[in-house]
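Spelled out from the first residue to the last, the chains are:
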Protein chains: 2
Amino acid sequence: MTNPSFALSALADPTRRGVFERLASGSASVGEIAAELPVSRPAVSQHLKILKEAGLVLDRAEGTRRVYQIDPAGLGAIRAWLDQFWAIALDAFKAKAEGEEIAARKGKHK
Amino acid sequence: MTNPSFALSALADPTRRGVFERLASGSASVGEIAAELPVSRPAVSQHLKILKEAGLVLDRAEGTRRVYQIDPAGLGAIRAWLDQFWAIALDAFKAKAEGEEIAARKGKHK
DNA sequence: AGCTTGGGTTAGTCATGACTTACGGTAAGT
DNA sequence: ACTTACCGTAAGTCATGACTAACCCAAGCT
């Protein structure tokens, strides 16, 4: 759950990213979200369930409505996972650039 | 392509994350990766193709082998996309915490 | 030249999941 | 109590995609 796997696969779906990005502009109910997206209300409900299980979304009951908003938890998990590779990626990039310099100078590479 | 959509959906698959995480510990050829994962070599080849299109991986020819390594581009795209929601998520969290304080004090919420 | 090694591609199968329709359930209004 | 509004769940359909087996291609070696 603190595992980014769920958050990553949750944000892989375009419709689900749409729901998530909609919530980024303010909390909203299921019906409101469905009205602004080209899918039915049950579809939105299912997507919100997955987003909630991924720790990307919070929900609270407000009368008969259910208001959803963004949860920083899932976002943080993805960020932490990404940062794990950030330094490595930069090193690889640096090594690649240096390799190209050598290749340009010697016309060959390791 | 600078769009994080491809990178996100690419990293959604567990096997593909395995390939990517393997490359984080150093560049490797297709056969080497396939030997360390419970999938066939063609499967790895297909995954690498998708990772490459997502800007997450770079490849260079080395004799008859093909060596892959991590590309910072796709990682950066995801990071930029995430940062777009980071401030919003923190605001939501802050608002939620304050709401809970009020709820604890008054036994009710907005 | 042939042989071997390492990879990408294709065809086809199978599972996952996104979606809609129909239904059940709860909270407020009359 | 009945109705209305809002939501979640179940069942079923359909498309996407992950995988393997078989094939083809290129590079190096004898």
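These figures come from a predicted structure and were not determined experimentally. (Residues numbered from 1 in each chain as written. Chains lettered and ligands numbered in written order. Predicted model: local features only at pLDDT ≥ 70, side-chain atom pairs only at ≥ 80, totals over all residues. Heavy atoms only, no water.)

Asker: For this particular structure, what's the right way to read the interface of chain A and chain B?
Answerer: The partner chain B presents 29 residues to the 29 residues of chain A that form the contact. Contact between chain A and chain B buries roughly 2,900 Å² in total, counting both sides, with carbon and sulfur atoms accounting for 76%. By the criterion of area lost to chain B, the three top residues of chain A are Arg79, Leu82 and Trp86 of chain A, representing 20% of everything that side buries. Between Asp83 of chain B and Arg79 of chain A there is a salt bridge, with its nearest N and O atoms 2.2 Å apart. Viewed at the interface, chain B and chain A are joined by four residue pairs in polar contact (both at pLDDT 80 or more). Where the side of chain A that touches chain B is concerned, the elements lending two or more residues are α1 (4–10), α2 (14–24), β2 (57–62), β3 (65–70) and α5 (72–106) of chain A. The element that contributes the greatest number of residues to the side of chain A that touches chain B is α5 of chain A, accounting for 15 residues. For the side of chain A that touches chain B, a count of residues per class yields 19 nonpolar, five polar and five charged. (Contact = heavy atoms within 4.5 Å. Buried area = accessible area lost by both parts, 1.4 Å probe. Salt bridge = Lys/Arg side-chain N within 4 Å of Asp/Glu carboxyl O. Polar contact = N/O pair within 3.5 Å; in protein donor to acceptor, adjacent residues only side chain to side chain. Helix = DSSP H or I, 4+ residues; strand = E, 2+ residues; numbered from the N terminus. Nonpolar A, V, L, I, M, F, W, Y, C, P; charged D, E, K, R; others polar.)

Asker: I would appreciate a short explanation of the packing of aromatic side chains in the present structure.
Answerer: Two numbers describe a pair of aromatic rings. These are the distance of the centres and the angle of the planes. Within this structure, the stated rule accounts for six aromatic pairs over all chains. An angle of 70 degrees between the planes, with centres 5.3 Å apart, marks the rings of Phe20 of chain A and Phe85 of chain B as edge-to-face. Linking Phe20 of chain A in helix α2 with Phe85 of chain B in helix α5 (residues 72–106), this pair reaches from one chain into another. Taking the relative accessible area as the measure of exposure, Phe20 of chain A reaches 0% and is therefore buried. An aromatic cluster is present here, built from Phe20 of chain A together with Trp81 and Phe85 of chain B joined pairwise through their rings. One cation-aromatic arrangement involves Arg79 of chain A over Trp86 of chain B; the distance from NZ or CZ to the ring centre is 4.9 Å. (Phe/Tyr/Trp six-rings, centres within 6.5 Å; stacked < 30°, edge-to-face > 60°. Buried < 20%, exposed > 50% of the residue type's maximum accessible area, 1.4 Å probe, protein only. Lys NZ or Arg CZ within 6 Å of the ring centre and 35° of its normal.)

Asker: What is the right way to look at the protein's contact with DNA strand D in this model?
Answerer: Taken together, 23 residues are adjacent to DNA strand D, and Ser45 and Tyr68 of chain A together with Arg16, Ser40 and His47 of chain B come closest. Take the atoms of DNA strand D that sit within 4 Å of the protein: sugar and phosphate atoms are 63% of them. Side-chain polar atom of Arg41 of chain A to a base oxygen of DNA strand D: 3.1 Å apart, as the coordinates give it. Thr64 of chain A is positioned with one of its side-chain polar atoms (N or O) 3.3 Å from a sugar or linking oxygen of DNA strand D. Breaking the surface near DNA strand D down by element, the ones donating at least two residues are α3 (30–36), α4 (41–53) and β3 of chain A together with α2 (14–24) and α4 (41–53) of chain B. Partitioning the surface near DNA strand D into residue classes produces seven nonpolar, 10 polar and six charged. (Near = heavy atom within 4 Å.)

Asker: Explain the relation of the copies chain A and chain B here, please?
Answerer: Comparison of the two chain copies shows a relationship of rotation about an axis with a shift along it. For the match of chain A to chain B, the screw axis carries a shift of 0.0 Å, the RMSD comes to 0.1 Å, and the turn is 180 degrees. The transformation just described matches what one would write down for a two-fold rotation axis. (Least-squares fit on C-alpha atoms with pLDDT ≥ 70 in both.)

Asker: How do you make sense of α4 of chain B when you look at a structure like this?
Answerer: For an α-helix the count is 3.6 residues per turn, leaving residues at separations of three or four pointing the same way. Residue and element names in this part refer to chain B. Along its 13 residues, α4 runs 19 Å from first to last C-alpha, staying within 8% of the 18 Å computed at 1.5 Å per residue. Within α4, burial applies to Ala43, Val44, His47, Leu48 and Leu51. Take α4 and look down its axis: the buried residues cluster within an arc of 135 degrees, on one side only. Among the exposed residues of α4, those oriented more than 90 degrees off its buried face are Gln46 and Lys49. Those residues of α4 that are buried are in contact with α1 (4–10), α2, α3 (30–36), β2 (57–62) and β3 (65–70). (Expected span 1.5 Å × (residues − 1). Arc of directions from axis to C-beta.)

Asker: Looking at this structure, how should I read the pairing of β3 of chain A?
Answerer: Sheet faces and side chains relate simply in a regular strand, where the side chains alternate between the two faces. All names here are of chain A. Here strand β1 (residues 28–29) pairs with β3 via two bridges, running antiparallel. Counted as the bridge partner of Ala28 is Tyr68 from β3. Here β2 pairs with β3 via six bridges, running antiparallel. Within the sheet, the bridge partner assigned to Ala61 lies in β3 and is Arg66. Between β2 and β3, which pair antiparallel and follow one another directly, the connecting turn spans two residues, one of which, Gly63, has a positive phi of 70 degrees. (Pairing = 2+ DSSP bridges.)

Asker: Can you walk me through the nonpolar core in this structure?
Answerer: Side chains that are nonpolar tend, in soluble globular proteins, to be buried together. Within the largest apolar cluster, 52 residues are counted, with the highest numbers of intra-cluster contacts made by Leu48 and Leu56 of chain A together with Leu48 and Leu56 of chain B. Setting aside residues no more than four positions away along its own chain, Leu56 of chain B makes contact with Ala7, Ala10, Leu11, Phe20, Leu51, Gln69, Ile70, Asp71, Gly74 and Leu75 of chain B. (Core = buried A, V, L, I, M, F, W, Y, C linked by side-chain atoms within 4.5 Å.)

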